Amino acid sequence: MTHDHATRTEHDHITRAEHNRITRKNLISSLATGLVIGIIAGAPLGWFAHRIYYQQRAGQVLLCRQQHLGQPEAELKQLCGDAY
């Protein structure tokens, strides 16, 4: 594929090393994009994980309290912990 002067673009004058060089502007742009995507995807995932953990922990505490029914509150807290 040959180029004549009429069809040459300014990109034809850039060397391969110059074309492949990563600039600070590219890195900052990529970092900002990654942060935005991470926040959008990570916030709901964190919220769901927290809900699952909280529900599981509350279930464990309730089950422990059921198994030790009739004991004083102080002893239940020591044995079973606190759901909150």
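Rules behind the numbers
Residues numbered from 1 in each chain as written. Predicted model: local features only at pLDDT ≥ 70, side-chain atom pairs only at ≥ 80, totals over all residues. Heavy atoms only, no water. Disulfide = S-S within 2.5 Å. Helix = DSSP H or I, 4+ residues; strand = E, 2+ residues; numbered from the N terminus. Buried < 20%, exposed > 50% of the residue type's maximum accessible area, 1.4 Å probe, protein only. Axes fitted to C-alpha atoms, helices over the stretch in contact; angles between N-to-C directions. Parallel < 35°, antiparallel > 145°, perpendicular 65-115°, else oblique. Left-handed = near helix turned anticlockwise from the far one by under 90°. Contact = heavy atoms within 4.5 Å. Nonpolar A, V, L, I, M, F, W, Y, C, P; charged D, E, K, R; others polar. Expected span 1.5 Å × (residues − 1). Bend = angle between axes of the 7 residues up to and from the residue.

1. Some words on the state of the cysteines
Item 1. Under the defined criterion, the tally for this structure stands at 1 disulfide.
Item 2. Residue C64 pairs covalently with C80 via a disulfide, S to S 2.0 Å. In this structure, the disulfide formed by C64 and C80 twists by about -75° around the S-S bond and is classed as left-handed. Residue C64 is located in helix 2 (residues 24–67), and its partner C80 is located in helix 3 (residues 73–80); the two are separated by 16 residues in the primary sequence. Assigned by exposure class, C64 and C80 land together as buried.

2. Quick word on the packing of helix 2 against helix 3
Item 1. Axis separation between helix 2 and helix 3 bottoms out at 10 Å; the angle between their running directions is 130°. In terms of orientation, helix 2 and helix 3 fall into the oblique class. Seen from above, helix 2 lies across helix 3 with right-handed handedness. The segment helix 2 lies against helix 3, with R57, V61, C64 and R65 engaging E73, L76, K77, L79 and C80.
Item 2. For the contact of helix 2 with helix 3, a count of residues per class yields 5 nonpolar, no polar and 4 charged.

3. What about helix 2?
Item 1. Its 44 residues place the ends of helix 2 61 Å apart at the C-alpha level, agreeing with the 64 Å of an ideal helix rising 1.5 Å per residue.
Item 2. G42 marks the point of greatest bend in helix 2, at about 30°, and the proline P44 comes within the next four residues.
Item 3. Looking at the buried positions of helix 2, the neighbouring elements they touch are helix 3.

No statement about biological role is implied by the geometric values presented.
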